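As a plain string of letters, each chain reads:
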Amino acid sequence: MTHLPGSVDDLSDDDLLAAYTDGAEGTAGGGWLRVNFVSSLDGSATAAGRSGSLGGPDDLRVFDLLRRAADVVLVAAGTVRDEGYGPMVLHDPDVAWRRARGAADHPVFAIVTGSLGLDPASRVFTEAPVRPIVLTTSAADPERRRALEAVADVVSCGEDSVDPVLVRAALVDRGLARIHCEGGPSFLGSLVAADLVDELCLSIDPSLEGGAGGRIVHGSSPELRRMRLAHVLRGAGDVLLTRYVRAR
Ligand SMILES: NC(=O)c1ccc[n+]([C@@H]2O[C@H](COP(=O)([O-])OP(=O)(O)OC[C@H]3O[C@@H](n4cnc5c(N)ncnc54)[C@H](OP(=O)(O)O)[C@@H]3O)[C@@H](O)[C@H]2O)c1
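Along each chain, the written sequence defines residue order, and numbers are assigned to residues from 1. Owing to the predicted nature of the model, reporting of local features is limited to residues with pLDDT of at least 70; listing and counting of side-chain atom pairs is limited to 80 or more, with chain, interface and lining totals taken over all residues. Calculated side-chain values reflect all of the structure's heavy atoms, with hydrogen atoms and water omitted.

## Observations concerning the overall build of the protein
By the criteria applied, helices consist of DSSP H or I runs no shorter than four residues and strands consist of E runs no shorter than two, each listed in order from the N terminus. Within the protein, the secondary structure is distributed over eight helices and nine strands. In terms of overall dimensions, the protein is globule-like: its C-alpha atoms have a radius of gyration of 18 Å, near the 18 Å expected for 248 residues. With the C-alpha coordinates of the protein rotated into their principal frame, the extents come out at 65 × 45 × 35 Å. Think of it in three bands: residues with accessible area under 20% of the maximum for their type are buried, residues over 50% are exposed, and the middle band is partly exposed, with areas taken using a 1.4 Å probe on protein chains only. Each of the 248 residues in the protein was classed as buried or not, and the buried ones make up 46%. The contact criterion used throughout is that any non-hydrogen atoms of two residues lie within 4.5 Å. Taking all contacts inside the protein whose residues are at least 6 apart in sequence as the whole, residues at least 24 apart take part in 68%. As a reference, a globule follows 2.2 Å times the number of residues to the power 0.38, and the radius of gyration itself is taken over C-alpha atoms.

Okay, here's the thing in structure tokens:
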């Protein structure tokens, strides 16, 4: 007898997206904050320094579908730099899906940085279909701030450090209630510490990284944040696509 979860191949994009959004309540009021990560079996968030070689095609399918359903894609600067992010441009089918539902063609790209160490001349900004938001501190370097203000809305969310509670509130206040966070580990640490994670979508890649790769979260939380299993699906190459929702 086998005990394997159902295959994602049996689900259309709409069915799969419905599985990922079922019960995502709270879009009125405080919004809904989902984070999406991939990990090796032995808990590494990277292989050779990046997450891209983990997960495979079905993790990518979910990655794109979760962007499709988002008002804003929230990423911290370390991941933007290390993963070489470009502008937040969705694929044509995702745009069509959003248009059919009266949503903006693309989600807003929101980037968290204390140092403002982002290049205003990078494609993230110059090719952005929607003006990005940079979430920083009021103490951040004024010159860098001015340069980024030319290409993005720059919002202070704390004095000396970026407070994730203020980040969430700033996005929700702008009507960006469906917040989709793609990392990275340090920022996830601050979200967990502040108990702001409503949902974790975690793909588990069936590989042993076997080295010094870090976990999907760095930081320290005052207590365990219990999550409830919402689904497990099996993808190509035996990747597991899991969805956990905060048990409050
Ligand atoms: N497995 C996965 O699913 C996954 C997902 C994402 C990333 N990653 C990997 O994670 C690595 C990057 O890790 P990371 O921890 O450096 O990235 P990170 O969490 O994306 O970025 C950390 C940076 O975010 C900024 N920041 C501002 N306020 C913060 C706050 N309150 N808490 C935390 N960060 C804040 C700081 O940028 P400034 O220096 O600009 O002030 C800080 O250096 C890369 O290797 C990437 O490939 C893996």
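That covers the picture; the talk isn't over yet.
## Here's the deal with the layout of surface pockets
Think of a 1 Å grid over the protein atoms and nothing else: a 1.4 Å probe that fits but is trapped marks a cavity, an open set flanked by protein within 12 Å on at least five of seven lines marks a pocket, and residues with an atom within 4 Å of a point count as lining. Grid points are joined across faces, edges and corners, and a volume is the space filled by probe spheres set on the points. Considered as a void within the structure, the largest pocket measures approximately 980 Å³ in volume. Around the largest pocket, the lining comprises 39 residues; the ones closest to its centre are Ser 51, Thr 79, Glu 83, Tyr 85 and Glu 182. Top contributing element to the lining of the largest pocket by residue count: helix 2 (residues 56-68), with six residues. The nonpolar class holds Ala, Val, Leu, Ile, Met, Phe, Trp, Tyr, Cys and Pro. Asp, Glu, Lys and Arg form the charged class, and all remaining residues, Gly among them, are polar. Taken together, the residues of the lining of the largest pocket sort by class into 14 nonpolar, 16 polar and nine charged. The volume enclosed by the second largest pocket comes to roughly 640 Å³. Lining the second largest pocket are 27 residues; nearest its centre among them are Val 192, Leu 200, Arg 215, Val 217 and Arg 225. Among the elements that line the lining of the second largest pocket, the one with the most residues is helix 8 (residues 185-193), at five residues. When its residues are assigned to classes, the lining of the second largest pocket shows 14 nonpolar, seven polar and six charged.

## A few points about the nonpolar core
As used here, the term nonpolar core means buried Ala, Val, Leu, Ile, Met, Phe, Trp, Tyr and Cys residues forming a set that is joined through side-chain atoms within 4.5 Å. Within the largest apolar cluster, 30 residues are counted, with the highest numbers of intra-cluster contacts made by Val 35, Leu 74, Leu 135, Leu 171 and Leu 191. Secondary structure elements with two or more residues in this core: strand 1 (32-40), strand 2 (72-76), strand 3 (108-112), strand 4 (133-136), helix 7 (164-173), strand 6 (178-183), helix 8 and strand 7 (199-205). Counting residues per element, this core draws most heavily on helix 7, at four residues. Counting residues in hydrophobic clusters, the runner-up holds 18 residues, among them Ala 70, Leu 116, Val 134 and Val 154.

## Describing the packing of aromatic side chains
Only rings of Phe, Tyr and Trp enter the pairing, Trp through its six-membered ring, and a pair is recorded when the two centres are within 6.5 Å. The plane angle decides the type: under 30 degrees is stacked, over 60 is edge-to-face, the rest tilted. Inspection of the entire model under this criterion finds one aromatic pair. Ring geometry for Tyr 85 against Phe 109: centres 5.8 Å apart, planes inclined by 35°, an arrangement best described as tilted. Taken together, the positions of Tyr 85 in the loop between helix 3 (77-82) and helix 4 (92-100) and Phe 109 in strand 3 put the pair 24 residues apart, joining distant regions of the chain. Here Tyr 85 falls in the buried class, since its relative accessible area comes to 17%.

## Structural notes on the site of the ligand
We call a residue near a molecule or strand as soon as one heavy atom of that residue lies within 4 Å of the molecule or strand. Neighbouring the ligand are 27 residues, the closest being Ala 45, Thr 79, Glu 83, Thr 113 and Ser 186. Polar contact is the term for a pair of N or O atoms within 3.5 Å; when the atoms are in protein, one must be able to donate a hydrogen and the other to accept it, and sequence-neighboring residues count only if both atoms are side-chain atoms. At 3.2 Å, a side-chain N or O of Ser 190 approaches a nitrogen atom of the ligand. Only the protein chains shown count as cover for residues, and the accessible areas themselves come from Shrake-Rupley with a 1.4 Å probe. When the free accessible area of the ligand is taken as 920 Å², the share hidden by the protein chains comes to 81%. Every element with two or more residues in the shell around the ligand is listed here: strand 1, helix 3, strand 6 and helix 8. Considering each element in turn, the shell around the ligand owes the most residues, five residues, to helix 3. The class makeup of the residues in the shell around the ligand is nine nonpolar, 13 polar and five charged.

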